[in-house]
Structure formats: C-alpha cells, structure tokens
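Read off the chains here:
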Amino acid sequence: MQKLVKGRFGYIIRVVGVSQSRWARQMLTSRQDHEKVRTVVVPIARHYSSLRPLRGDLLKFPGPNYGIPSRGIGMIVARVLRGALKIRYLLLGGTIAGGSALAKTYEQWKEALPDAKFLEELMPSQEELDAIRTALISYRDKIKDSVPEFTLDPKLKELGESKYDQLVLWFKERLDDAIKAAEEEKTEGSGFFTDGKEEDDFSSDLKQHAISFTAMGSTAEKEREKAELLRLRLSQIEAELQEKTESLTKELSNVTRENAELRGKVEANETIREKYESLQEELMQVQLKYQKEVERLEKENKELRKSLMLRAGDKIAHKKIKKSLIDMYSEVLDELCDYDSSYDTQDHLPRVVVVGDQSSGKTSVLEMVAQARIFPRGAGEMMTRAPVMVTLSEGPYHIASFKDSTREFDLSKESELSELRKEVELRMLNSVRLGRTVSHEVISMTVKGPGLQRMVLVDLPGIISTVTTDMASDTREAIRSISEQYMSNPNAIILCIQDGSVDAERSNVTDLVSQMDPQGKRTIFVLTKVDLAEENLANPDRIRKILSGKLFPMKALGYFAVVTGKGSKEDSIQAIKDYEESFFRSSRLFKGGVINSHQCTTRNLSFAVSECFWKMVRDTVEQQADAFKATRFNLETEWKNNFPRTRELDRDELFEKARGEILDEVVNLSQVSPKQWEDALSKKMWDKMVTHIFENIYLPAAQTENSGTFNTTADIKLKQWADGMLPKKCVEVGWETLEDEFRRFMERAKNSKDHDDIFDSLKACVVDEAMRRHEWEDKAADVLRVIQLNALEDRSVHDKQQWDAACKFLEESVKDKLHTTESTLREMVGPSTKEQWMYWSYPTEEQKRRAAVKSELENILKSDYKHKNTLTYDEVTQVRKNSQAQGVDVDNEFIRETWHPVYRRHFLRRALAKAYDCRKAFYAYHQGLEGELGVECNDVVLFWRIQQMIRITANALRQQVMNREARRLEKEIKEVLEEYGCDRDKKEHLLTGRRVMLAEELKRVRQIQEKLEEFIYALNAEK
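Keep in mind that what you see is a predicted model, and the values were worked out from it rather than measured.

Definitions and limits used
- Residues numbered from 1 in each chain as written.
- Predicted model: local features only at pLDDT ≥ 70, side-chain atom pairs only at ≥ 80, totals over all residues.
- Heavy atoms only, no water.
- Disulfide = S-S within 2.5 Å.
- Helix = DSSP H or I, 4+ residues; strand = E, 2+ residues; numbered from the N terminus.
- Buried < 20%, exposed > 50% of the residue type's maximum accessible area, 1.4 Å probe, protein only.
- Pairing = 2+ DSSP bridges.
- Axes fitted to C-alpha atoms, helices over the stretch in contact; angles between N-to-C directions.
- Parallel < 35°, antiparallel > 145°, perpendicular 65-115°, else oblique.
- Left-handed = near helix turned anticlockwise from the far one by under 90°.
- Contact = heavy atoms within 4.5 Å.
- Nonpolar A, V, L, I, M, F, W, Y, C, P; charged D, E, K, R; others polar.
- Salt bridge = Lys/Arg side-chain N within 4 Å of Asp/Glu carboxyl O.

A. Representation of the state of the cysteines in the model. By the definition in use, this model includes 1 disulfide. Across the disulfide from Cys 918 sits Cys 937; the S-S distance is 2.3 Å. Residues Cys 918 and Cys 937 share a disulfide whose torsion about the S-S bond is about -105 degrees; that sign makes it left-handed. Within this pair, whereas Cys 918 is found in the loop between helix 32 (892-917) and helix 33 (922-927), its partner Cys 937 is found in the loop between helix 34 (930-933) and helix 35 (938-982), the two being separated by 19 residues in sequence. For the pair Cys 918 and Cys 937, a shared accessibility class is recorded, and that class is buried.

B. How the structure looks around the pairing of strand 12 (residues 558-561). Neither face of strand 12 is open: one carries Gly 558 and Phe 560, the other Tyr 559 and Ala 561, and all of them are buried. As paired strands, strand 11 (residues 523-528) and strand 12 are joined by 4 bridges and run parallel to one another. Residue pairing across strands places Ile 524 opposite Gly 558, the latter belonging to strand 12.

C. Region of interest: the packing of helix 26 (residues 760-773) against helix 35. At their nearest, the axes of helix 26 and helix 35 sit 9 Å apart, and the two run at 125 degrees to each other. With respect to each other, helix 26 and helix 35 are oriented oblique. Between helix 26 and helix 35 lies a crossing whose hand is right-handed. For the pair formed by helix 26 and helix 35, the contact residues are Leu 762, Cys 765, Val 766, Glu 769, Ala 770, Met 771 and Arg 773 on the first element and Leu 969, Glu 972, Ile 973, Val 976, Leu 977, Glu 979 and Tyr 980 on the second. Residues belonging to the contact of helix 26 with helix 35 are distributed by class as follows: 10 nonpolar, no polar and 4 charged.

D. Structural detail: unusual backbone geometry. In this structure, Lys 529 is a non-glycine residue whose phi angle is positive, near 55 degrees. The class for Lys 529 is partly exposed, based on a relative accessible area of 24%. A positive phi angle, near 75 degrees, is found at Thr 601, a position not held by glycine. Topologically, Thr 601 is positioned in the loop between helix 20 (588-591) and helix 21 (602-642). The buried category is assigned to Thr 601, whose relative accessible area is 4%.

E. Representation of the pattern of salt bridges within the structure. Across all of its chains, the model carries 54 salt bridges by this definition. Where Arg 773 meets Glu 769, a salt bridge forms, and the shortest distance between an N and an O atom there is 2.8 Å. Here Arg 773 and its partner Glu 769 are both found in helix 26, 4 residues apart, which amounts to about one turn of the helix. Taking the shortest distance from any N to any O, the salt bridge between Lys 974 and Glu 970 comes out at 3.7 Å. Placement of the pair is Lys 974 and Glu 970 together in helix 35, with a separation of 4 residues, close to one helical turn. For Glu 970, a relative accessible area of 21% puts it in the partly exposed group.

Quick look at the structure:
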C-alpha cells in the first residue's frame, strides 16, 4: 500500500494485488487490531460546516475509506468478445465444409429422382387454368358493370345508403377472394412446370417444373385435392352470386318504382313553387299598385287642403292655427335638449335614434323617410358631426325649417335644397369647437310635407373603427359615447342600419346595439344596399339569415331591406323610389322567398317605425309627466324656503329688469341742471390744464421784465395752446364728465333701499362697454377751437365784479399750487423739527442733504427777491461748496433738482402777494395808471382770460352733452343691452347665483310640464 497526496476530504489508499486487498479489508474490519490499522492507514480528515447537511453521525468514528479497483464488468465484456471470436472461426470453417458436402449430397439426390411424366395426365393443363381464370374475370366485370347502372333517387339513396354500401362491399370482397384464389392456383400449378432445360429426357413443361416438383416431393396429391376444392368453391361462389343478383334485381325494381313516385312529387312541387312565385309577384304588384294609389290619393288630398286654405283666406289668418301632435311633441323635445337639472330628472321620452357604421346609409334612409335630400354628402368622409333631430310632420307644402330660425326652405326647389344642405353643414362645423371632430350639440329641424309619417328621428354620427390623422384622438370614443347616451334611453327606438354590401363580420353597430338592447324590444334592423348585396353574394341564404335575425348576435322587433340610391348623389328621391320598386319587383331574392313583401321598401319601413314610435309615446309619456311634476314640487319647495319674499324671475326676466334700471339712469342725466354741468366741466377742465398753465404759460411769462413782454409771451403761449391740444383736451373733459355723472347716478342707485345687488356685474359691464364704444363728435373739437381763440383774444376786464372774480381765481389757483409745491418740498427735505419731536419721525440721509441744499438756495432767493427761474454756474458752485463746508457732499444735478420746487414756492408766494395787491387795483387798471401807482396786474388779466375761456368752453360742452352726447350714449347702451340680450353665454356669465339657477330650472320645468300636459290632452283627444 502507498499513501497518496492528501486530498480535499482526506487521504487515498491504493491497494495493489488481490492479496493486499484481502489483507487490507481484514485489517479494516477487525476490531482487535485498531492500533495496527492506524499504523497502516492514515485517518481521513473531514471538514464540517453549519451550512451543509450532515449525512452521518458527528460522534461516530470515521472509518477508513479505501479505493478498491473493480474489474467485474470489464472482464465480462472481454471474455464475451474472446468467445465470439472463437465461434467466428468455427462457423467459417463449418460453413465451407458443410457447403461442399451439401452440394455433393444434392447432386446425388437429384440423380436418384423417379420419372414424373405421369403427372401431366393428372394435373389440369395451362390452357384450362387460363380459361377458368378468364371466365371468373369476365363474370366479375359483368357484375361490376351492372351494379353502377342502378340510378337511385338522391333521397332514397340517403335512406338506404348504409345497406347499399354493405352489399357492394360484400360482393367486392367475395369477388376479389375468388379471383385471388384462382390466380394463386394458376401460379402454384404452373410452378411445377416452369424450370429445367433438358430436351432429351423430359418434355418442355416437365423441364420447366422439375426443380419445383423435386422440391415438393410427395405433395402432388395435396395440390390436386386443392384444385378440386377450388372448383367446388367457385361453383358455390357462382351460386351465391346468382342469388345476390336476383335480390339486387328485386331491390332495383323497388327503387325504380319509388324513384318514379318521387319524381312525380317533385314535378308537383315545381308546379306549386311556380304558382307560389306567381302569387308572390302578383302580391308585390298589388302592393305597389296600392302604394301608388295611396300616393295619388295623398296628392289629391294635398291639393284639396291647399284649395281649402286658399278659400278660407282671411278667416284662417285671424284664427289661431292648431298645432299638430308631432309639432307639440317636438317642442317638448326641444325644451328637453337644453334642460339640465340638479335633481337628475332624465329625459326618457321616445325618439327614433338612427345608428350605424360610417357610410352604411343612415342619412340616406332618413332622407328617404323625409322624402328630400336634406343632408350634405361626402365621398367616404365623415359628414354627420353632430346629432341632428328631425321632426317629420304632415303638411300641405314640402318645407323644412330650423328651430332657431324663421326661414322656410322649399324642398321642391333644388336651389333651396342646396342652400339647406349648406346650412346644415355650416351648423355642424360651428358646433365643433376646440379641435374636436364631433359635438354633442343638437341641430334641430322640422320637415313638413304631404304623406310624411309623423315621428321624431335623431341622426347620429357613424360609428368608426379607426381614427384617421385629420380627426381628434378621442373621436371614436366620443362617437360611441354619443350613441350610448341616446340609446340608453329605455324608451328610444333604435333604428339599426347595416350595410348589406359589406361582410357581416365587419359590422360594429350590431354589437353596440345588442349591448344596449339585448332583448331587442325596441330595435328595428334595416339592411341597406340590397341591390349591391344581391350582386356580391352568391348564397342568398345569408341574406335570409340576416333578415330572420339568425346571423347577427342581436334581436329586433322587425327586419327590413331597402334600397336608398343608385350610386349617384344627384338622383332625386322619386328616381330612387322607382328604382327600389323595380328592383324588388324583379329581384331573385324576392321571387325566391328570401324577402317577404312587408320587409322591403322604405315606405313599409316608415310605416312600421311610425307605428312603433307612437305606440311607445302613448305608453310612456304620462310617466314622464309625473316625473316632471315631482321635480317641479321639489324646486318650488326650495324656492319658498330660500327666497320667501322674492318674485321668481328667470335670467331673461332679470336681464329685462336690469335693462330698465340702466335706461332709467340714462334718463336721469337730463335732470342735471346746466349750472351743475358747467361747474363740473369747469372744475374738470381746470384740473386737466392747471399744470400746463403754470408751467408753460404763467411761469415763462412772469420771467419777463415788463408788462408788455409779459402780455406778448402770454398771447403767444395761449394761441399755441388753443391751436394745438386744448380743444381735444376739452372734448376728453366733456366725455369724462359725462361718464362721471352717469356713474354717480349708478352709485347713488346702489345705495337706494330697493337695490338688488344681482344686477351689479351686468350694469358695470354694460356701462364699461358703452363708454368704450362711445366717441365724441369729430366737429366738436373744431367748434371749440374757434370759441376758445375768440375768448383768449379778449384782454379787457369789463367791470369790478369780473376783476374780483379773476383775483379770487388767481389766489385760489396759486394757493392750490403752493400747497402742492410745499408738499413736494416736505417729502424732499423730510419732517421738520417740530414733527420730529411730536411724531418721532426722522429724516433720511438724502432728506438731510436736501435740507442743507434747500437752506443754501433759500439764502440765494433772500438775497435776490426777483431771481430768475434758473441758477447760474457760479451759484451752483457756491451752493455745492457751502454744502461741503457743512459736511454734505452733493453734485450739480442734485442741486438743480432741489432748486425747482424751492424756486416754484418762492415764485408762487410772490405771485400770491401780487394778487393780494391787485384786489384794489381795478381803478388803476381801468384808468391805465398801473405804472404810475407801481402796481402790475398782468397776472390777474391772464387768469381772467383763462377763466373766461373755461366758462365759455364749459357752456359749449354742456350744450353738446345735453343735446347730443347723452342721447348717443343712451343709444349705445341700448345696443350693448341688445347684444347682451342675444348672447346667452354673456347673460349666464353676468347673472349668476343659486337664485338665478333655481328660477331658470323652475321656468324650464313648468314649460316642459305644461307642454307635456297639452300634448297628453291632445293625444287622448285623438284616441
């Protein structure tokens, strides 16, 4: 034994030889020689971990592991191979030796064979066997040829097919067995004589069969017995075939007799079918004749009604025309279209909802029912973009009109039909907003004409499968939502339109209709384009299944097939009707019984839909009336609890009340006295022009050295002002004064006891819009310019009263300006010492610098009382240096900014003192002694001229306001009110609140209830 290298799990011991293996096994299994084993075998070291499972006991003594080589399988394979190689040599040698011995034995056996010529007389000859085989084959062919000649009737063949197949199968098996046996016998019999080539000792046949005969030996007798048995078997088969032939002949005669009887019945059935088709065609002709007769009578009835109406003349005009039932019902539906109640009273009144896939012929069916092509058409594109509610009613003239329009379109004229289609298309496009493709807004129209069935139909957008790039992304869902909304009405009649020219599997509408009306209690199915379906479908049973309700997964009250066009949109309704009648008259679908007479033509469809519609109306209208009664009671109770002392006024009534109040305030403008107008205008004008007068006229003129220069400068400035902006400013003042006075009246109305704040938003909006639109007359500014120039040219104060008034005007104006200037200075220099002590307010650093500069500037003005309005460079430098000496660092611009208010205050104080001096200087002015007395009152004369101009301008503006502008304002306010009155959205925006909403709902519910009650009364009266 050798100890190998220590492995991962211990040491490996290799045992060489059998004796060493036996010795090692004994040493390992003996308990008495453990110590000896340990000297020979090194114990195996094992490593354990808590993360791996232990297969053995940890406390068990690990026994040694020996790698004993095993040679069992390998030795067995080697020994098997060695034995096989030995057998190979034995077999090879034995084969060679045995082959030579066998060949020698065969030659000896062949020479010892006896003479077999006597067998030729006992065995049948080859010609006889061929004759028997030929007879059997010919008999087989005869039987086979006779069997297919049995011509059975298909129905009888189906009844006896199993028996017939069994018989033929049995006969063929028997015949094939016989032929096979004969062929085998021939083969076996000829085998005795098919070999050998010795011509000297044997005959040619015996030579051919020598080898087979010697191989068979003594079996010749057995073969002869087989031949006899074969003959007996052939005779039995021939007898059985004879019996089967006789039985088949009898059955064939019976089948022939029954086939003749069936042919007679079939001929009789063909005769009956021909009679049925002729009767059906006669029925169609009678029905068409009846329809034409009805149309003729309706036409005569129309002419009679028209003549009666023309004869009645003025009598009918003075009477109130009674509305028809369908018109009354349509008015109820129109009211419900816009009704939105917080009490969730749903509209469950019946209407006919026309749904179908896009381009399935929905609109064409509706046009055929309305007998006019009133809808726009497109080549494969979506045309119906909004629900169109069409009310059909009977009338003497074929006309159409919209709910919100008084115009009537004559449907007998193609020009007006074209205008109607354009109007419908325009309304559809206007109803689509914000980039959407379809709209929920209802387009309501009425079609009247002779022979029209009274009902209300709603044409919905066609259901689509794919959203194209020019559509909104939610178009498919929006169309489905609109369709489900109308079909969810439990009393709505669903007119399901299916295109007959396309595969039924492509239909989308049938699944939707089956979901909304699974029982089919209110669904009518219409198959359109039946003419195209007849051309495209090879199997008419498919149309029969559709019209019998067995193809689509939906149920319906009735199934109809119609033809709504010939492929051209220019065809008239009458041409389409004639084409439809001729198609069904000659259609193989109708003649073959696929379509019944009551299931075809749009006329029958309109009769059925109208009958179903009115039945639904009579059954459900009273329930809807009761529901609205309950809603009205709830709303009235809420109004009494929340607004007990307020009259119920809806939005329109509130708007009319607000209109009256606004116009009353316009009328109140005429109550303003002329003096009030002139005072308001004068004050407004002076406020607008005071800054310009002081800064651009009075101050520059006061800088002159003598009175002549003062007057000249003042005249130039005044003339420039009057020629330029003064007239326009005065017009603006007049307009602003008019607006202020009108708003003052409006504000005063708010403080009155009867004021209703619900109108405040509306009134403010109307006034703002009217003021924005109002413009003063263009000629007013030119008139004012002439008046103002004439007034300013007069420099002569005529009496003491005017002088005193001018002095007072000057003093007040200067005081106001002085007060404003002192306020500006106070803000610039900050609080005074007194204010600092009393109000605990302190100046900023900038205000301190302003105060220091102001002090220096005042010193300059004290030194020169008549200082000019500008500072010289030396004076600016002096002020800056004096300020720096006080520790205040300022620049020249800062000094000039402070100078303007300081000098203006100085100037105004000097002007005020001069005004005081001129109070008693009228005599000196009048006598021309101003220079001698040392008093210059040019300031008073200037302000007197301005005062006279303001007075005259105010008078002219007052006349314009009272005579023209107030009336123009009233007209513009009326126009704004008229526009707002027609704008429903504007009124809803300006008149809001629960009070308005509740009054609106009450009004709408009362109207609906009254119309429903009126309709129910008329409906019961008609019964």
